[in-house]
Amino acid sequence: MIGEEILSELMILLIAGLAALVLTLEDWRGWLLAWALMGAGGGWLLQQTPGVPGQLASIQVLTSALLALLLYLTGWQAWKAAPKTLTSRPPVHWRFRALAALFFHYLARILAARFPIPIAPAPILITTYTLIGIGLLIATLGRSPLQVGLGILTMFSGYGLFYFSVQDSLLAIGLMAGMNLVIAFLTAALTLVRQEASA
């Protein structure tokens, strides 16, 4: 049991660290790699949660991988045509963004300890609150449509982790995956429109 708790804690820190990388990195390929690995970590955390079917963890990992592939193809096409589309300098320094991500992770731990939700385990709550907070930061501080879209998808990933841990309805899970796909397509379209405007 203690080994599982330590492993769970390490996975929470890994997921929070990967979300912070999406926030602090300058390169769009790094954003996407960190985001895809964050989705895989979320799937592993779901699989370790008692009462959650293993198929849900697989759905989480597959959805993250497919969305990252879609956004990578979009980013590659935009970068090939107009490199400035994806690499515009963020308005705030990376140290401030890293500190803000650390603050949101600390705040998530406090919220999970002070206001526990009985139907969800603490690791899921901490990860959910962290991803929603860091996703909000990514969406508000990002200067390219790709990074803003990744911020919104990060928030939805956090909510999805919580929802998958308490609900196993395939219809609801399919609707959430469809909503993530719509957000990814809108992000891709806005990235390509910005690329055409800046070319």
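Whatever comes next refers back to the structure up there.
Residues numbered from 1 in each chain as written. Predicted model: local features only at pLDDT ≥ 70, side-chain atom pairs only at ≥ 80, totals over all residues. Heavy atoms only, no water.

**Looking at empty space enclosed by the protein**
Working step 1: Throughout the structure, instances matching the rule amount to three cavities of 30 Å³ or more.
Working step 2: In this structure, the largest cavity spans a volume of roughly 140 Å³.
Working step 3: Every residue lining the largest cavity is counted, 15 residues in all, and those nearest its centre are Q60, T63, S157, F164 and N180.
Working step 4: Listing elements by their share of the lining of the largest cavity, those giving two or more residues are α3 (54–81), α6 (145–166) and α7 (170–198).
Working step 5: Considering only residue class, the lining of the largest cavity consists of nine nonpolar, six polar and no charged. (1 Å grid on protein atoms, 1.4 Å probe; cavity = no way out; pocket = protein on both sides within 12 Å on 5 of 7 lines; lining within 4 Å. Points joined across faces, edges and corners; volume = space filled by probe spheres on them. Helix = DSSP H or I, 4+ residues; strand = E, 2+ residues; numbered from the N terminus. Nonpolar A, V, L, I, M, F, W, Y, C, P; charged D, E, K, R; others polar.)

**A short note on the pattern of salt bridges**
Working step 1: Using the criterion set out here, one finds three salt bridges in the structure.
Working step 2: In this structure, the salt-bridge partner of E26 is R97, at a minimum N-O distance of 3.1 Å. Within this pair, whereas E26 is found in the loop between α1 (2–24) and α2 (28–48), its partner R97 is found in helix α4 (residues 94–114), the two being separated by 71 residues in sequence.
Working step 3: Judged by relative accessible area, which is 31%, E26 ranks as partly exposed.
Working step 4: Judged by relative accessible area, which is 2%, R97 ranks as buried. (Salt bridge = Lys/Arg side-chain N within 4 Å of Asp/Glu carboxyl O. Buried < 20%, exposed > 50% of the residue type's maximum accessible area, 1.4 Å probe, protein only.)

**Here's the deal with the layout of surface pockets**
Working step 1: Each pocket or cavity is described by its volume, and for the largest pocket that value is around 300 Å³.
Working step 2: As for the largest pocket, its lining consists of 17 residues, of which E4, E5, S8, Q48 and P123 are closest to the centre.
Working step 3: Only α1, α2 and α5 (122–141) provide two or more residues apiece to the lining of the largest pocket.
Working step 4: With six residues, α1 is the single largest residue contributor to the lining of the largest pocket.
Working step 5: Considering only residue class, the lining of the largest pocket consists of eleven nonpolar, three polar and three charged.

**Points about the side chain of T127**
Working step 1: Topologically, T127 is positioned in helix α5.
Working step 2: Residue T127 is classed as buried on the basis of its relative accessible area of 2%.
Working step 3: Non-local contacts of T127, meaning those with residues more than four positions away in its chain, are made with I12, I15, L45 and L161. (Contact = heavy atoms within 4.5 Å.)

**Some points on the environment of S165**
Working step 1: You can see S165 is positioned in helix α6.
Working step 2: Classification of S165 by relative accessible area gives buried; the value is 12%.
Working step 3: On a C-alpha basis, the gap between S165 and T127 in space is 12 Å, while along the polypeptide they are 38 residues apart.
Working step 4: Apart from the residues lying within four places of it in its own chain, the contact partners of S165 are L46, V52, A120 and I124.
Working step 5: Of the polar contacts made by the side chain of S165, one reaches the backbone oxygen of F162; its length is 2.7 Å. (Polar contact = N/O pair within 3.5 Å; in protein donor to acceptor, adjacent residues only side chain to side chain.)

**Some details on the packing of aromatic side chains**
Aromatic rings in a pair are described by how distant their centres are and how their planes are angled relative to each other.
Working step 1: Using the criterion set out here, one finds three aromatic pairs in the structure.
Working step 2: Look at F103 and F104: their rings are 5.9 Å apart centre to centre, the planes differ by 70°, and that puts the pair in the edge-to-face class.
Working step 3: We classify F103 as partly exposed; its relative accessible area is 48%.
Working step 4: Above the ring of W79, the side-chain terminus of R29 is found at 4.9 Å from the ring centroid. (Phe/Tyr/Trp six-rings, centres within 6.5 Å; stacked < 30°, edge-to-face > 60°. Lys NZ or Arg CZ within 6 Å of the ring centre and 35° of its normal.)

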